[in-house]
Amino acid sequence: MKRSIMTIFTGMLFLALFGCGKTPQTAMAAPAPTALPADTVTPRVEEKLLTPTPTEPPTPSPTATPEPTPEPTPTPEPLTFTASEHMPLPDEDSQLQRGLYFWLDGVVTGPGPLGSVRAQIIDDRGQTVQEGVKTFAPSEETREYRLLDLTFSKDIQCVSEALKFQDLPAGSYTLRILAAEKEGEERLLAESAFRVTDQTWLQLQPNNLRGNYTTALAFFGSPERFMFRYKLKSGSNRVEVDAKWRSRYKAKARGLNGKKWTCHVDAVPYLEQACRYMEQTYIHISGKGFDTGRVRLSSLVAKMNGIMVHRFVGDRTFISHHSFGTAIDINASYACNKGNPENREKIFTEVTQNLTYNGIVTIQGKQCYDFTYTGTVRGGGVRNIPEPLTNYFLYELAFFRAGFSWGVYYPHKSDAMHFTLSELSPELFTDGPYAMRKVFSYIEDQAEAPDPA
């Protein structure tokens with residue numbers, strides 16, 4: 001019985017260990033991996049640790065020196081013509097009255113020395129009817145030339161002077177400005193079409209003032225105060241001025257001896273101030289055998305020759321500032337006051353070499369400006385005062401102080417009778433090459449000076 005039980009226990013142990021007909025395993029095995037398609041299998045490469053082999057650094061290739069970019073060849077500056085701002089070339093809008101002057105102005109500039117400058121007037125048939133040429137010597141190095149010589153020098157060949165616009169009959173024309181560099185070809189720099197007219201009423205233009213427009217504008221402040229419409233009077237340099245302009249700007253100033261002087265309304269305070277100086281100022285002049293005693297300055301005015309007279313100057317070259325009523329002529333009959341350049345030298349010599357200012361003295365209860373005269377000119381003036389000194393005294397002690405300029409300083413002539421507000425510069429009397437000012441401290445200054453402590 002014990003044997004049977006042992007036999008059964010042994011059989012059961014066998015079944016437990018080896019199962020029913022299965023192969024015995026020593027441990028549970030993992031499921032086999034699923035095989036991949038042959039074309040997706042990547043062979044495994046065994047990684048190895050590589051030690052880098054040291055290498056020499058590469059020798060750098062030499063850098064090529066860049067070739068400099070060539071500078072562009074400069075284009076030579078051309079010849080140029082610059083027209084004057086206030087005296088432009090004539091055009092279709094210009095009113096060129098037959099018989100009147102027109103002044104051509106502007107500057108020709110070249111990159112090198114100029115060889116020639118030419119201005120031509122061509123009529124409507126294409127014919128050159130007038131021409132002005134300025135040529136430069138081979139030795140000259142002129143790079144700039146102005147067509148109009150405002151110094152009126154007789155030593156300069158002026159292209160503008162050569163063109164006689166006043167001689168052109170009514171009609172259509174073309175103006176050309178040409179120039180050439182030294183040994184170069186002539187080039188056309190400017191061209192303008194214009195007309196000469198017989199029109200009755202004209203508008204005054206800056207060109208009619210020949211270089212004095214800016215000075216006049218500085219005094220008046222606006223063009224309408226002096227640039228009037230006008231009509232030439234036949235056979236005369238006088239003009240008829242637009243009635244509206246006259247009614248607006250014509251005025252009366254208190255002159256000498258209670259008289260009324262007709263002038264521009266803007267000139268009234270200046271003229272009246274000059275007259276006050278003349279009436280309230282005394283001078284005394286003495287010399288060898290010569291003593292004037294006390295002389296009132298106003299007594300040196302032998303004659304006032306006019307203020308507001310609407311006209312061009314004698315040859316119609318430009319408008320007179322008497323037309324505006326801003327200029328006054330005094331002592332016109334004196335030879336030294338006639339309009340020629342030689343008179344400027346005569347007056348300058350008498351004032352600077354033969355006249356000494358001594359200061360302020362009191363004579364018969366009146367303070368006077370005291371002078372000594374050592375020249376030999378006698379006669380013609382008040383109390384034997386030399387005529388070349390008469391208008392100098394009027395200007396020095398009255399008109400200069402009142403803001404006027406003196407016509408003795410015109411570049412083309414000496415016009416010592418002429419005292420003006422809208423031309424020239426008063427500084428010429430003090431600082432110019434013919435400066436004559438001597439009195440710098442006035443009687444009024446002494447009266448206003450405080451008493452010393």
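Cut-offs and rules
- Residues numbered from 1 in each chain as written.
- Predicted model: local features only at pLDDT ≥ 70, side-chain atom pairs only at ≥ 80, totals over all residues.
- Heavy atoms only, no water.
- Helix = DSSP H or I, 4+ residues; strand = E, 2+ residues; numbered from the N terminus.
- Polar contact = N/O pair within 3.5 Å; in protein donor to acceptor, adjacent residues only side chain to side chain.
- Contact = heavy atoms within 4.5 Å.
- Phe/Tyr/Trp six-rings, centres within 6.5 Å; stacked < 30°, edge-to-face > 60°.
- Buried < 20%, exposed > 50% of the residue type's maximum accessible area, 1.4 Å probe, protein only.
- Lys NZ or Arg CZ within 6 Å of the ring centre and 35° of its normal.
- Pairing = 2+ DSSP bridges.
- Axes fitted to C-alpha atoms, helices over the stretch in contact; angles between N-to-C directions.
- Expected span 1.5 Å × (residues − 1).
- Salt bridge = Lys/Arg side-chain N within 4 Å of Asp/Glu carboxyl O.
- Parallel < 35°, antiparallel > 145°, perpendicular 65-115°, else oblique.
- Nonpolar A, V, L, I, M, F, W, Y, C, P; charged D, E, K, R; others polar.

Draft legend 1. Structural detail: the side chain of Asp266. Note on placement: Asp266 falls in the loop between strand S13 (260–264) and helix H5 (268–280). A polar contact is formed between the side chain of Asp266 and the side chain of Arg225, at a distance of 2.8 Å. In this view, Asp266 contacts Phe219, Phe220 and Arg225; residues no more than four positions away in its chain are not counted.

Draft legend 2. Summary view of the packing of aromatic side chains. Here the structure, examined in full by the defined rule, presents 32 aromatic pairs. With centroids separated by 5.2 Å and ring planes inclined at 25°, the aromatic side chains of Tyr395 and Trp406 adopt a geometry described as stacked. Taken together, the residues span a long stretch of sequence, with Tyr395 in helix H7 (residues 387–399) and Trp406 in strand S21 (residues 405–406) at a distance of eleven residues. A relative accessible area of 0% means that Tyr395 is categorised as buried. Ring centres 6.0 Å apart and planes at 5° place the aromatic pair Tyr395 and Phe419 in the stacked group. Note that Tyr395 is positioned in helix H7 and Phe419 in strand S22 (residues 418–420), a separation of 24 residues in sequence. One residue, Arg294, lies across the ring of Tyr282, its end atom 5.1 Å from the ring centre.

Draft legend 3. Local environment of the pairing of strand S18 (residues 327–330). Burial along S18 is two-sided: the face carrying Ala327 and Asp329 and the face carrying Ile328 and Ile330 are both buried. The pairing of strand S17 (residues 304–306) with S18 spans two bridges and is antiparallel. Its bridge partner being in S18, Gly306 is matched across the sheet by Asp329.

Draft legend 4. Structural context of the sheet that holds strand S11 (residues 239–241). Ordered in space as S9-S10-S11, the three strands form an open sheet in which the pairing is antiparallel. In this open sheet, the two edge strands, each paired with only one partner strand, are strand S9 (201–203) and S11. Each neighbouring strand pair of the sheet contributes to a mean axis angle of 40°, computed without reference to strand direction. Bridge analysis of S9 against strand S10 (residues 229–232) gives three bridges, and the strand direction is antiparallel. Looking at S10, one finds that Gln203 is bridged to Arg229.

Draft legend 5. Structural view of the sheet that holds strand S6 (residues 144–146). If you trace the three strands from one edge of the open sheet to the other, you get S1-S3-S6, paired in antiparallel fashion. Edge positions in the open sheet fall to strand S1 (80–83) and S6, since each of these has one partner strand only. Here the strands of the sheet are splayed against their neighbours by 20° on average, with no regard to which way each runs. Summarising the sheet, S1 and strand S3 (residues 106–109) pair through four bridges and their orientation is antiparallel. Within the sheet, the bridge partner assigned to Thr80 lies in S3 and is Thr109.

Draft legend 6. Here's a closer look at H7. Here H7 is 13 residues long and its end C-alpha atoms lie 17 Å apart, about the 18 Å a rise of 1.5 Å per residue gives. Of all 13 residues making up H7, 13 are buried, and the element is well covered by its neighbours.

Draft legend 7. Focus on the pattern of salt bridges. Following the criterion strictly, the structure yields 14 salt bridges and no others. Across the salt bridge formed by Glu279 and Arg254, the nearest N and O atoms sit 3.4 Å from each other. Placement of Glu279 in helix H5 and of Arg254 in strand S12 (residues 250–254) is noted, with a sequence separation of 25 residues between them. Relative accessible area serves as the criterion here: at 39%, Arg254 is assigned to the partly exposed category.

Draft legend 8. Structural context of the environment of Leu209. Mapping Leu209 onto the fold places it in the loop between S9 and helix H3 (213–220). Beyond its immediate sequence surroundings of up to four residues, Leu209 is in contact with Leu204, Ala216, Phe226, Met227, Phe318, Ile319, His321 and Phe324.

Draft legend 9. Inspection of the packing of helix H6 (residues 341–354) against H7 at higher detail. Viewed as axis vectors pointing N to C, H6 and H7 meet at an angle of 75°, and their least axial separation amounts to 9 Å. Here H6 lies roughly perpendicular to H7, going by the angle between them. Residues Ile347, Glu350 and Val351 of H6 lie in contact with H7, whose contacting residues are Pro388, Leu389 and Tyr392. A breakdown of the residues in the contact of H6 with H7 according to their chemical character gives five nonpolar, no polar and one charged.

Draft legend 10. Quick peek at the side chain of Ser320. Counting through the fold element by element, Ser320 comes out in the loop between S17 and S18. Taking relative accessible area as the criterion, Ser320 reaches 6% and is therefore assigned buried. With residues up to four places along the chain from it excluded, the contact list for Ser320 reads Arg311, Phe312 and Val313.

Draft legend 11. Structural detail: unusual backbone geometry. The phi dihedral of Arg210 falls on the positive side, at around 35°, and the residue is not glycine. Within the secondary structure, Arg210 is located in the loop between S9 and H3. The phi torsion at Asn331 lies on the positive side, around 55°, for a residue other than glycine. One can find Asn331 in the loop between S18 and H6.

Draft legend 12. Inspection of the environment of Tyr392 at higher detail. By secondary structure assignment, the location of Tyr392 is in helix H7. Put simply, Tyr392 and Glu350 are 42 residues apart on the chain and 9.9 Å apart in space, counted from C-alpha to C-alpha. With sequence-adjacent residues up to four places away left out, Tyr392 is seen in contact with Val351, Leu355, Phe371, Trp406, Phe429, Met436 and Lys438.

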